[in-house]
Structure formats: structure tokens, C-alpha cells
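Read off the chains here:
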Amino acid sequence: KGRVALVTGASVGIGAAVARALVQQGMRVVGCARSVDKIEKLAAECQSAGYSGTLIPYKCDLSNEEEILSMFSAIKTLHKGVDVCINNAGLAHNEPLLSGKTEGWRNMIDVGGSHTHAAYEGLTFSPASCYSMGGHRMVPSADEHFYCATKYAVTALTEGIRQELREANTHIRATCISPGLVETEFAFRHHNSDPEKAAAVYESMKCLKAEDIASAVTFVLGAPPHVQIGDVQMRPVEQVS
Ligand code: NJP
């Protein structure tokens, strides 16, 4: 309660559910994405619901370093820093590794990880804070190999950050949350899926809901200060790979 959080990719899906849950818990949440209008709508919903925290919408394209630095500078001025950073924004460009187009690869890496450094450099975390990230899928399926590689990278980066934070003698904790299939717009936006087919898969597999991931985040944030939760892996019961 009263803590400041940054949630990236807060306009829809998992990020929106996490932002809502943290506002409900009384946190001041800066939610960023390119579609700031959607975050403004969510902020109004949180207010009408009478949640004790607040959601502050911020427009930022996370593939643009200048925009990232300017967002962190604004957060520092307005809120002094963040206690919790949820590195959630992400996207997929699905192409075969051997014959596919490569131009989307850098974009996936930029959006998924570039603000990590800025978050630490630009802000002062309070001693009992947490740093969380969206994690990887275990087994890559058709045309998703590079996307999966970026998610394995998130796992390695989170562990690297945890080690560096410890060596720097901070009490900041790092957690990697790795969801299985979650029912969001992600599949429609990036997997070129036929919406009806994707909806049938979601239904038949009883996929995770964005709120399931939000509850994992609140569980991690509720851990006592001496407890480091390194990894959380969640999958629908019916997901095989
Ligand atoms: O995805 P989606 P999810 N600058 O597409 C934002 C991972 N994951 O919630 O800018 C700033 O509904 C975008 O906002 P906007 C996944 O890889 C998912 O399902 O307005 N923001 C939106 O808020 C991702 O890392 C599943 O378009 C940018 C958000 O990112 C995270 O979970 C499984 C941006 C994407 O919302 C959230 O996924 C898994 C940019 N340049 C991991 N580009 C799953 N759904 O099954 C995108 O293992 N965003």
C-alpha cells in the first residue's frame, strides 16, 4: 500500500490486469504503453470501482530509448522513484528462423528488455522492493522460435540482474514469471491466428486468464523481505508443452 509501481504494457492483457490488481491494493501505478487512451479508460474504471490506489497513464513507445529515458525522468520528478517495476510489455514477430524476415527481431528484444537498465539507473528503489518480468514459454512451436529465444533471454537477464543487485548490496529482489498460454489479444495480434480458431483453442484448453498472472504478481510482492522468489512458472493444466 502506498508504494509506487511501473507496469509496462498496461493498455491490455496481462499488464492491464496487473495494473488493476496493484491499484486495488492501494499502490500508485504508472501504466505505460503506446495506446494511452486504453490506460486512461482503465484508470477511470479503477476510480469508479473505488480502489484505494491510483493509475497514472503514460504514453511511451518502449522501442524508443529517448521516450524510455524521458518517462523515467518524469517518474523521478513526480514520484521520486519506483518500488516495483513490472517489465511486461512484449510482442512477437513470428517467422521461420531459416527463411523468415529478420527485421522484427531487434524490435522484440528492444521492447522486452531495454528499459531494464533505465529502470535501475534512473530510479531509487526502496529497500524492500521487487523487480518482475514476463518469462518464457518452455517449448517453441511453429515460427515462434525467435520469440521464445527472447523469453529465454528474459530468464537469463532476470537472473543476471538478481546477481548484480546482490553484489551491489541492494535489497531489491528480481522475479521471473513465466506464463503458459494466457487468454489475451496476443495470439490475435501477433500469431496471425484466425480469431475463431484461437478462441476455440482458448476454450478447449481452459487457458490461464490475465488475472491469474496478476495474482502471481501480488503473491510475489507479498513475500516477506527476506524471501527471494526467483521463478514462477504457470501453465494451464491442459497445456502439454
Ligand atoms: O500481450 P498483449 P499479453 N511500446 O499483446 C505493449 C508475455 N507472454 O498481455 O503499445 C510500449 O495483449 C502493448 O501496448 P500498446 C508476452 O510476450 C504472454 O498476452 O498499446 N508498449 C500491450 O499493452 C508479453 O511480454 C503469453 O500496443 C508496447 C502489451 O505490450 C507479456 O506476457 C504467454 C510496445 C502486450 O499486450 C504480456 O502479454 C507467455 C511498445 N513498442 C508470455 N509493444 C500469452 N498471452 O499466452 C507492445 O508465456 N507493447
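Definitions and cut-offs
- Residues numbered from 1 in each chain as written.
- Predicted model: local features only at pLDDT ≥ 70, side-chain atom pairs only at ≥ 80, totals over all residues.
- Heavy atoms only, no water.
- Helix = DSSP H or I, 4+ residues; strand = E, 2+ residues; numbered from the N terminus.
- Buried < 20%, exposed > 50% of the residue type's maximum accessible area, 1.4 Å probe, protein only.
- Contact = heavy atoms within 4.5 Å.
- Areas by Shrake-Rupley, 256 points an atom, 1.4 Å probe, with all protein chains shown as cover.
- Near = heavy atom within 4 Å.
- Polar contact = N/O pair within 3.5 Å; in protein donor to acceptor, adjacent residues only side chain to side chain.
- Nonpolar A, V, L, I, M, F, W, Y, C, P; charged D, E, K, R; others polar.
- Expected span 1.5 Å × (residues − 1).
- pLDDT = per-residue confidence, 0-100.
- Pairing = 2+ DSSP bridges.
- Right-handed = clockwise from strand over helix to strand, strands pointing away.
- Core = buried A, V, L, I, M, F, W, Y, C linked by side-chain atoms within 4.5 Å.
- Axes fitted to C-alpha atoms, helices over the stretch in contact; angles between N-to-C directions.
- Parallel < 35°, antiparallel > 145°, perpendicular 65-115°, else oblique.
- Left-handed = near helix turned anticlockwise from the far one by under 90°.

## A word on the overall build of the protein
- Helices and strands together make up the secondary structure of the protein, namely nine helices and seven strands.
- Put simply, the protein has 241 residues, and 49% of those count as buried.
- Taking contacts inside the protein between residues at least 6 apart in sequence as the whole, the part at least 24 apart equals 72%.
- Carbon and sulfur atoms make up 54% of the accessible area of the protein, which totals about 12,200 Å².

## Structural notes on the site of the ligand
- Taken together, 29 residues are adjacent to the ligand, and Arg-34, Ser-35, Tyr-147, Pro-179 and Thr-184 come closest.
- Separating an oxygen atom of the ligand from a side-chain N or O atom of Ser-35 is a distance of 2.5 Å.
- The protein chains hide 98% of the 900 Å² of surface that the ligand would expose on its own.
- Elements represented by at least two residues in the shell around the ligand include exactly α1 (13–24), α6 (145–167) and α7 (186–190).
- The biggest single contributor to the shell around the ligand is α7, with three residues.
- Across the shell around the ligand, the residue classes break down as 13 nonpolar, 10 polar and six charged.

## Things to note about helix α3 (residues 65–79)
- For α3, with 15 residues, the first-to-last C-alpha span of 21 Å sits near the 21 Å given by 1.5 Å per residue.
- Following α3 by one or two positions, Lys-80 adopts a phi angle in the positive range, close to 70 degrees.

## Digging into the confidence of the model for the protein
- Counting all residues, the mean pLDDT for the protein is 83, and 84% of those residues have values of 70 or more.
- Across the whole predicted complex the pTM is 0.92, and at the interface the ipTM reaches 0.99.

## A short note on the pairing of strand β3 (residues 54–59)
- In the sheet, strand β2 (residues 28–33) pairs with β3 via six bridges, with the strands oriented parallel. Bridge pairing links Gly-31 to Pro-57 in β3.
- As a crossover connection, the stretch from β2 through helix α2 (residues 36–48) into β3 is right-handed.

## Brief notes about the nonpolar core
- Within the largest apolar cluster, 35 residues are counted, with the highest numbers of intra-cluster contacts made by Val-7, Val-18, Leu-22, Val-29 and Leu-55.
- Put simply, the parts of the chain that give this core at least two residues each are β1 (4–8), α1, β2, α2, β4 (84–87), α9 (210–221) and β7 (231–234).
- Once residues lying within four places of it in the same chain are set aside, the contact partners of Val-29 are Ala-5, Val-7, Ala-19, Leu-22, Val-23, Thr-54, Leu-55 and Ile-56.
- In terms of nonpolar packing, the next biggest core, distinct from the first, is built from 22 residues, Ile-75, Ala-92, Trp-105 and Tyr-147 among them.

## Some details on the packing of α1 against α9
- Running from N to C, α1 and α9 cross one another at 50 degrees; their axes reach a closest spacing of 8 Å. Taken together, the axes of α1 and α9 lie oblique to each other. Like other packed secondary-structure pairs, α1 and α9 cross with a definite hand, here right-handed. Contacts between α1 and α9 involve Gly-13, Ile-14, Ala-17, Val-18, Arg-20, Ala-21 and Leu-22 from the former and Ala-210, Glu-211, Ile-213, Ala-214, Val-217, Thr-218 and Leu-221 from the latter.
- Taken together, the residues of the contact of α1 with α9 sort by class into 10 nonpolar, two polar and two charged.

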